[in-house]
Amino acid sequence: TLVALAAAAAISPAAFAGDISFKGDMNVEGFRVDAEGVSDVDAGYSSRIRLAGTAKTDGNVSVNFRLLLNNSIWSGDQRDTTDTDTLQGAYEQTASDPVAVDYGYIQMPIAGWTVRAGRQVANWAGCFITCNENRDRLLAMKRFGSTTVIFINDKRSEGPIAHPNYWSADTATDNDSDMYSAAAIGMHKGWLWGLLISHWAGEENVLLNGNTGIMPYVKGKVAGVSLEASLNYITGGDILYTDGGLSGFLRAGYDLDKVTIEGLALFTTGGGLIDVGFDTYSMTIQNTPKTNASNVSQVQLGRNFGTNEDYDEYLIAAKLSGKVAEGVTLSGAVGVANVDDGSTETDYVFFNAQASYQLAKTTDIYAGVESMNEDDDGSETDYVVGTVGINTTF
């Protein structure tokens, strides 16, 4: 998280085995989505391989990176997406298997500040606002007592470019857009707190131009109950969020010996924003971070972008989880959600069950299944989704 990254960088340098160290992870997953009334079942397998490294140079300067070696749905031997008449071997590099830079940045000390430049991982408010998103950014941070202060410049778009969510589709003109942010995070009497203020500035045709977001966040414990909460208010835009949009969540948890009970409530009003990667205890609602996209997610709340001041949403969910045997963890969750655009309403009800088994210290096997009902003003669709996979780190 941003909090962990800031604390690690501002308090002490990382430890390395020599001058360079590597680590990585791999995931293989089978998935299936079956929707009532839809003839084609969406099913298949996916793979993701990532390799991360840190290289330390002199002067306490380091280069930190992670390469995405593969992140794709299995497509078989015919893998070239640019020429359907050409057959490629399963292990040949083609358009369907790009190697990409997940993140890569230089970290250096300058005048008592820790400065980073390059592509970096962005998170805020427990994935509620931003979740594992890669940003081309300049960052400077410094710790003052128990508080870390952070200044950020994110390049959101450059030159003629089209983007369906954030920028104009007019590719004939410049769509330059920058986001300028200031954040503070710290500890107070056992509570982690944070405040992020961001402002988007760009050309007139940039959709988020002029918006300012205020995003407080707290996490702590009261009488044995773990609490986490955030609000996100965005307003002042020339095109989006002209009337303002508000979203927020409250998550609570309580440990009962080997069993944990959790509850979640979230809302948006005026088309408020929620990141697609936020954990709702559901496999079909949110839970699809940008660099670890879900194969089975069906519904994305908080993506109206303030285009309708009457657009309101809420979700209420509960989860029970615990270790039932050595290395075996089970969980069950249930929840309801509602989307009201001012003229029509859509209701969702989900039931979720998941299991994981620790095959080795660094390897977990997991499986999950969920039933979700979507009621769009009387028109119902039932979804059944499932996943089974393996995660390992090295």
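The rules we used
Residues numbered from 1 in each chain as written. Predicted model: local features only at pLDDT ≥ 70, side-chain atom pairs only at ≥ 80, totals over all residues. Heavy atoms only, no water. Helix = DSSP H or I, 4+ residues; strand = E, 2+ residues; numbered from the N terminus. 1 Å grid on protein atoms, 1.4 Å probe; cavity = no way out; pocket = protein on both sides within 12 Å on 5 of 7 lines; lining within 4 Å. Points joined across faces, edges and corners; volume = space filled by probe spheres on them. Nonpolar A, V, L, I, M, F, W, Y, C, P; charged D, E, K, R; others polar. Disulfide = S-S within 2.5 Å. Buried < 20%, exposed > 50% of the residue type's maximum accessible area, 1.4 Å probe, protein only.

Draft legend 1. Looking closely at unusual backbone geometry. For Asn 132, which is not a glycine, the phi torsion comes out positive at approximately 50°. Along the chain, Asn 132 turns up in strand β6 (residues 130-144).

Draft legend 2. Spatial organisation of empty space enclosed by the protein. Evaluation of the coordinates by the stated rule reveals one cavity of 30 Å³ or more. Estimated volume of the largest cavity: approximately 280 Å³. In this structure, the largest cavity is lined by 27 residues; those nearest its centre are Ile 129, Thr 130, Arg 135, Arg 156 and Met 179. Listed by contribution, the elements that provide at least two residues to the lining of the largest cavity are β5 (113-124), β6, β7 (147-157), β8 (177-188) and β9 (191-202). When residues of the lining of the largest cavity are assigned to their parent elements, the largest contribution, four residues, is made by β6. By residue class, the composition of the lining of the largest cavity is 15 nonpolar, four polar and eight charged.

Draft legend 3. Seen up close, the state of the cysteines. In total, this model carries one disulfide according to the counting rule given. In this model Cys 127 forms its disulfide with Cys 131; the gap between the sulfur atoms is 2.1 Å. On the sign convention where negative is left-handed, the bridge of Cys 127 and Cys 131, at about 65° about the S-S bond, is right-handed. We classify Cys 127 as buried; its relative accessible area is 17%. With a relative accessible area of 1%, Cys 131 lands in the buried category.

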